[in-house]
2 protein chains.
Amino acid sequence: MQRKNLTIGVFGFGCVGQGLYDVLSRTQGLKVHIKKIGIKDATKTRNLPAHYFTTNRDEILFDPEIDVVVELINDEHAAFEIVSTALRNGKAVVSASKKMIANNLNTLYALQQQYQVPLLYEGACCASIPIIRNLEEYYDNDLLNSVEGIFNGSTNYILTKIFNENKSFIQALSEAQELGFAETDPTMDIEGFDPKFKLCILLLHAFGLFIQPEHIFNFGINRINDFDINYAKEKHSSIKLLAKCRKVDNAVYAYVLPHFVNGNTQLTNIHNEYNGVIVESAFADKQFFVGKGAGSTPTGSAVLSDISALSYDYRYEYRKTSQLLAKQAQNDLKFADTLALDNNLHLKVYVRCKNQAIVPLTDFIEIIEKYESTEQQYIIGIINLATIIASEWVKNEDINLIVL
Amino acid sequence: MQRKNLTIGVFGFGCVGQGLYDVLSRTQGLKVHIKKIGIKDATKTRNLPAHYFTTNRDEILFDPEIDVVVELINDEHAAFEIVSTALRNGKAVVSASKKMIANNLNTLYALQQQYQVPLLYEGACCASIPIIRNLEEYYDNDLLNSVEGIFNGSTNYILTKIFNENKSFIQALSEAQELGFAETDPTMDIEGFDPKFKLCILLLHAFGLFIQPEHIFNFGINRINDFDINYAKEKHSSIKLLAKCRKVDNAVYAYVLPHFVNGNTQLTNIHNEYNGVIVESAFADKQFFVGKGAGSTPTGSAVLSDISALSYDYRYEYRKTSQLLAKQAQNDLKFADTLALDNNLHLKVYVRCKNQAIVPLTDFIEIIEKYESTEQQYIIGIINLATIIASEWVKNEDINLIVL
């Protein structure tokens, strides 16, 4: 198959955009020509001739010469406008906007079907790890059991600094921000929203399910205090923020929660800004993918691979989704007897609180340990994920929750 | 894209073949029908009806109903006959015979081009790790620097038992054989031939190069003795058998050698029958893939994925090879100014011997350490890989060689 020459328009010229420009000028195999770069602020000094830049989106979106639109901006709503307009205009699209994609998977899937153009977004999931491509291509039969891992580089960086270098949460966070691994507003990362967006995207490619992010429970690392850290260390453990999804019969369980790890998972050894993904299937057993999960070049690498794939007409086939939709149509009963998200899952958790009175013991299926001191208290027990989600106490800032 | 229904003929009904049959009957998405299974011994009792089996190859190879031939036998020459005849008959082929494939890459590539049929062989490289697919699809631009790793599950199992459980080499080997991770004749594994075959296959998909296995240096773990093990332990290290290839300008360095590792590489943490592959590229930095590298189901999983890929007409594009061939044709100078294998590489090595007189010190570019006792002696120094290959002493059974 001959590679097509591609003419591309890029939105955004931050770190990823600039790195992409550099690398495209160095690659030989790929015949890609950047025609225009859409920017917001025309007054900034840039290291490329002025004719490359435009502040008028339509100059890219409606240019018939441009085959591929690469969307690398931060604004979710503008990103959706750009991506959906480009698809409607018959242009192939590469995007790395995880939040935008996770929130609009249904629409973006429908647009791809309707206009028969591909949208690729490997850069939106665990940066440099080719996880979407592997789920699409390599695990496309229906024997996948679970996908789980560390999907967020900045929180993993923070946790590494806390556990390996004895830094405080605040210190570690500010270092991550200085290095560009964490945003100025780190809420999306430290409260576990960012890995949840990625989990939503992977749920589609792993199991064929469209799940809106608000239907998945996320709990971050922002409430971790010295007591929790000491508890982990006493148990020769550290804490990792893990995103997980697992299929059991027709139920799919999915959540983002901090976990105590101590060598019981290969994810224990994933440090700093690295991400790690474990894919479990009936036949291949456990596969483990590791790569940098934050920073401009790892994301740029994924974007580059997506552009490269477009040069030979690659597209996501969403085979699991087609199978699931076909099955639902056959059953004539939407979601009956087919795969669906389920929160009815028993978890063994550590709940740390100032006062156990806040947490009704009746919420637990089983209490395994209780600890009380004047300073802090904790309960270890088995609890239903659905109970946690429905509870009031989980919203209490004085409470922390970590899976054992 | 609609999946095609496939009718397949399988050669070999050992562990992998049986596992494949089981899993195909359990998958829903894949419409694959096994029509015939070619076997050598018709008298063995098998758990499938007799009409499935044939001892006549041609019943499969010349059956117009059979679209895909799956070759899972141990005999290299028979495997080549089967695979090449199937390709000539216009059948797609899946094979897991690494030695046969490595020895015949040139011919198998040419047959695919000539008859326009795909041959897939993910199961031949690191069993369950989808490394060929990722090199083909995801790292298909020319910024790849290196591919290295633990490519052999049985030697890694042996080394793990030696270093983590203080077993002797002989004990560990016999355990690996009992568990089916090592062959009755373990030469191919312990002398480093098996990982070399895989390295040859990866050299084609990573850099586009056809390299015959005999042109690549391999040195195994069969000469490791207690002195070496103690040396490693004193240095808080263990030993791993690593296969490596690296591109520097137009030179590609490739070899299989045991290495002391001590956390200086992520491969340190790959234990037992697991394989690990690190792919380094300019943009994505380091990617790390881990999965089971020995056993029937990991290989079966790769074979299944290949069959699945054939159901939507996937084929290896060998893009790097096409680029390289085009460049060579353009230059009108075969291999001039294009990529080629090069052994002119400085390595820091530990050479252990009974008597240093066997090893000419002038072979070293630099001597860093010398140790002598009545029992054993060793030299640590910088040496050219080409010098090692050309030397007589490396063939001496009393000498061991480990990279530092």
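Definitions and cut-offs
Residues numbered from 1 in each chain as written. Chains lettered and ligands numbered in written order. Predicted model: local features only at pLDDT ≥ 70, side-chain atom pairs only at ≥ 80, totals over all residues. Heavy atoms only, no water. Phe/Tyr/Trp six-rings, centres within 6.5 Å; stacked < 30°, edge-to-face > 60°. Helix = DSSP H or I, 4+ residues; strand = E, 2+ residues; numbered from the N terminus. Buried < 20%, exposed > 50% of the residue type's maximum accessible area, 1.4 Å probe, protein only. Lys NZ or Arg CZ within 6 Å of the ring centre and 35° of its normal. Pairing = 2+ DSSP bridges. Contact = heavy atoms within 4.5 Å. Buried area = accessible area lost by both parts, 1.4 Å probe. Salt bridge = Lys/Arg side-chain N within 4 Å of Asp/Glu carboxyl O. Nonpolar A, V, L, I, M, F, W, Y, C, P; charged D, E, K, R; others polar. Least-squares fit on C-alpha atoms with pLDDT ≥ 70 in both.

## Structural notes on the packing of aromatic side chains
Scanning the model with the defined rule gives 33 aromatic pairs over all chains in all. Geometrically, the ring pair formed by Phe289 of chain A and Phe289 of chain B is edge-to-face, given 5.7 Å between the ring centres and 75 degrees between the ring planes. In this pair, Phe289 of chain A sits in strand 12 (residues 285-292) while Phe289 of chain B sits in strand 12 (residues 285-292), so the two residues belong to two different chains. A residue is classified by how much of its surface remains accessible, and Phe289 of chain B, at 1% relative accessible area, is buried. By the ring-pair criterion, three or more aromatic residues cluster together here, those being Tyr109, Tyr121, Phe210, Tyr314, Tyr316 and Tyr318 of chain A. One Lys or Arg, Arg46 of chain A, reaches over the ring of Phe53 of chain A and ends 5.4 Å from the middle of that ring.

## Section: the pairing of strand 9 (residues 238-248) of chain B
All names here are of chain B. The buried fraction of strand 9 is high, at 8 of 11 residues. One ladder, built from 4 bridges, connects strand 7 (residues 144-150) with strand 9; its direction is antiparallel. Each residue of the ladder has a partner; that of Val147, found in strand 9, is Cys245. As paired elements, strand 9 and strand 10 (residues 251-261) share 11 bridges and run antiparallel to each other. Considered in strand 10, the bridge of Ala243 is made with Val256.

## Comments concerning the interface of chain B and chain A
By convention, interface size is frequently given as the accessible area that disappears when the constituent parts associate. Between chain B and chain A, the residue contacts involve 49 residues of the former and 49 residues of the latter. Between chain B and chain A lies a buried interface of about 4,200 Å² when both sides are counted; carbon and sulfur atoms form 50% of it. The largest per-residue losses of area from chain B upon contact with chain A belong to Tyr138, Phe283 and Val290 of chain B, which jointly make up 19% of the total buried on that side. In this structure, the connection of chain B to chain A is made through 2 salt bridges. With a closest N to O distance of 3.0 Å, Lys292 of chain A and Asp285 of chain B form a salt bridge. Elements that contribute at least two residues to the side of chain B that touches chain A include exactly helix 1 (15-26), helix 6 (131-137), strand 12, helix 12 (296-310) and helix 13 (319-331) of chain B. Classifying every residue of the side of chain B that touches chain A by side-chain character gives 19 nonpolar, 17 polar and 13 charged.

## A few points about the relation of the copies chain B and chain A
For the pair chain B and chain A, the superposition axis carries a translation of 0.0 Å, the fit reaches an RMSD of 0.0 Å, and the rotation angle comes to 180 degrees. As the rotation angle and translation indicate, the two copies are arranged about a two-fold axis. Considering only C-alpha atoms, the residue of chain B closest to the rotation axis is Phe289 of chain B, which sits at 2.4 Å. Counting the interface residues of chain B, we find that 100% of their copies in chain A are interface residues as well, pointing to one common contact surface.

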